[in-house]
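Take a look at the letters that make up each chain.
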Amino acid sequence: DAGITQSPRHKVTETGTPVTLRCHQTENHRYMYWYRQDPGHGLRLIHYSYGVKDTDKGEVSDGYSVSRSKTEDFLLTLESATSSQTSVYFCAIRTPDTNIQYFGAGTRLSVL
Amino acid sequence: AQSVTQPDIHITVSEGASLELRCNYSYGATPYLFWYVQSPGQGLQLLLKYFSGDTLVQGIKGFEAEFKRSQSSFNLRKPSVHWSDAAEYFCAVGESQAAGNKLTFGGGTRVLVKP
């Protein structure tokens, strides 16, 4: 158990509404990541963070923003959800001095 | 840009038979390579990793993988499959720390185990 909690685990929302997903870690690791998982695409990186207030874009960042005001929390926001953002979202942390990422249990988001 | 290809979307194997999952990658430098497994409704669990050194790496649950630089491959193997190995398997290549240690995943291979 890498001490990662994602909330909510499931969410259904309507097109055009804002949505925020939370990733919480108990280990104070510096690096945190948000991925989305879609059939046939594996996992694709949305955004990542390398410290408080330090974030960068990933492969599929359009339509998403992130914030990290505390080491333990990394928030992913969909400002105006679209049906194409229906997906399973995974948060990951990277342990120090390694290149190993550990994943949370995921959040299943449906945008209707 | 780096990329990972898992040519087999689905593989069906009989319990007790051997399993090999293919992974090919494209990366300009020495890669960090990973195999993860995902059971239905679960997150991803690390099976094994290759950073450097011995090209045959051992992982958990009896899995092993072999790094072949000349073929840009990192195939996963298990000599005898158990019903509990039914899952989806993902190969990934990781960037350097300077590049944020970002992972690029293949599309996954779903393994079905027949009794």
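Structure shown above.
Residues numbered from 1 in each chain as written. Chains lettered and ligands numbered in written order. Predicted model: local features only at pLDDT ≥ 70, side-chain atom pairs only at ≥ 80, totals over all residues. Heavy atoms only, no water.

Caption draft 1: Spatial organisation of the overall build of chain A. Across its full length, chain A holds 0 helices and 11 strands. Considering only C-alpha atoms, chain A reaches an extent of 40 × 30 × 25 Å along its principal axes. Counting across all 112 residues of chain A, residues that qualify as buried make up 50%. Once local pairs closer than 6 in sequence are excluded, the contacts in chain A between residues at least 24 apart make up 54%. For chain A, the exposed area adds up to about 5200 Å²; of that, 47% sits on carbon and sulfur atoms. For chain A, the separation between the mean place of its 12 positive charges and that of its 12 negative charges on side chains is 2 Å. (Helix = DSSP H or I, 4+ residues; strand = E, 2+ residues; numbered from the N terminus. Buried < 20%, exposed > 50% of the residue type's maximum accessible area, 1.4 Å probe, protein only. Contact = heavy atoms within 4.5 Å. Areas by Shrake-Rupley, 256 points an atom, 1.4 Å probe, with all protein chains shown as cover. Lys, Arg positive; Asp, Glu negative; His and termini not counted. Charge placed at Lys NZ, Arg CZ, Asp CG, Glu CD.)

Caption draft 2: The arrangement of the interface of chain B and chain A in detail. Contacts between the two partners involve 23 residues from chain B and, on the opposite side, 19 residues from chain A. Carbon and sulfur atoms make up 55% of the area that chain B and chain A hide from each other, which totals about 1600 Å². Taken together, the links from chain B to chain A amount to 0 salt bridges. On inspection of chain B and its partner chain A, the count reaches 2 residue pairs in polar contact (both at pLDDT 80 or more). Looking at the side of chain B that touches chain A, the elements with two or more residues in it are strand 5 (32-38), strand 6 (44-50), strand 10 (87-94) and strand 11 (103-105) of chain B. Sort the elements by how many residues they give to the side of chain B that touches chain A and strand 5 of chain B lands first, with 4 residues. By residue class, the composition of the side of chain B that touches chain A is 10 nonpolar, 10 polar and 3 charged. (Buried area = accessible area lost by both parts, 1.4 Å probe. Salt bridge = Lys/Arg side-chain N within 4 Å of Asp/Glu carboxyl O. Polar contact = N/O pair within 3.5 Å; in protein donor to acceptor, adjacent residues only side chain to side chain. Nonpolar A, V, L, I, M, F, W, Y, C, P; charged D, E, K, R; others polar.)

Caption draft 3: A look at the pairing of strand 7 (residues 64-70) of chain A. Residues and elements named next belong to chain A. Where strand 7 meets strand 8 (residues 73-78), 5 bridges bridge the pair, whose relative direction is antiparallel. Along strand 8, the bridge assignment pairs S65 with T77. In sequence, strand 7 turns back onto strand 8 through a hairpin of 2 residues. (Pairing = 2+ DSSP bridges.)

Caption draft 4: Main features of the nonpolar core. Residues and elements named next belong to chain B. In terms of nonpolar packing, the biggest core is built from 26 residues, with W35, L48, F74, L76 and Y89 touching the most fellow members. Breaking this core down by element, the ones donating at least two residues are strand 2 (10-14), strand 3 (19-21), strand 5, strand 6, strand 8 (64-68), strand 9 (73-78), strand 10 and strand 12 (109-114). A total of 4 residues in this core trace back to one element, the largest contributor, which is strand 10. Other than its neighbours up to four places away in sequence, Y89 contacts Q6, L21, W35, Y36, V37, L47, F63, L76, G108, T109 and V111. (Core = buried A, V, L, I, M, F, W, Y, C linked by side-chain atoms within 4.5 Å.)

Caption draft 5: Quick peek at the packing of aromatic side chains. The tally for this structure, following the rule as stated, stands at 18 aromatic pairs over all chains. Measuring from ring centre to ring centre gives 6.4 Å for F90 of chain B and F105 of chain B, while their planes differ by 85°; the resulting arrangement is edge-to-face. Taken together, the residues span a long stretch of sequence, with F90 of chain B in strand 10 and F105 of chain B in strand 11 at a distance of 15 residues. F105 of chain B gets classed as buried once you look at its relative accessible area, which sits at 6%. One Lys or Arg, R94 of chain A, reaches over the ring of Y31 of chain A and ends 4.4 Å from the middle of that ring. K49 of chain B extends its terminal NZ or CZ atom over the ring of F51 of chain B, reaching a point 6.0 Å from the ring centre. (Phe/Tyr/Trp six-rings, centres within 6.5 Å; stacked < 30°, edge-to-face > 60°. Lys NZ or Arg CZ within 6 Å of the ring centre and 35° of its normal.)

Caption draft 6: Examining the state of the cysteines more closely. Residues and elements named next belong to chain A. This structure, assessed with the given rule, holds 2 disulfides over all chains. Paired by a disulfide, C23 and C91 hold their sulfur atoms 1.8 Å apart. Between C23 and C91, the S-S dihedral sits near -70°, and the bridge is therefore left-handed. With a gap of 68 residues between them, C23 in strand 3 (residues 19-25) and C91 in strand 9 (residues 87-94) connect regions that are remote in the sequence. (Disulfide = S-S within 2.5 Å.)

Don't take any of this as a statement about function, it's just geometry.
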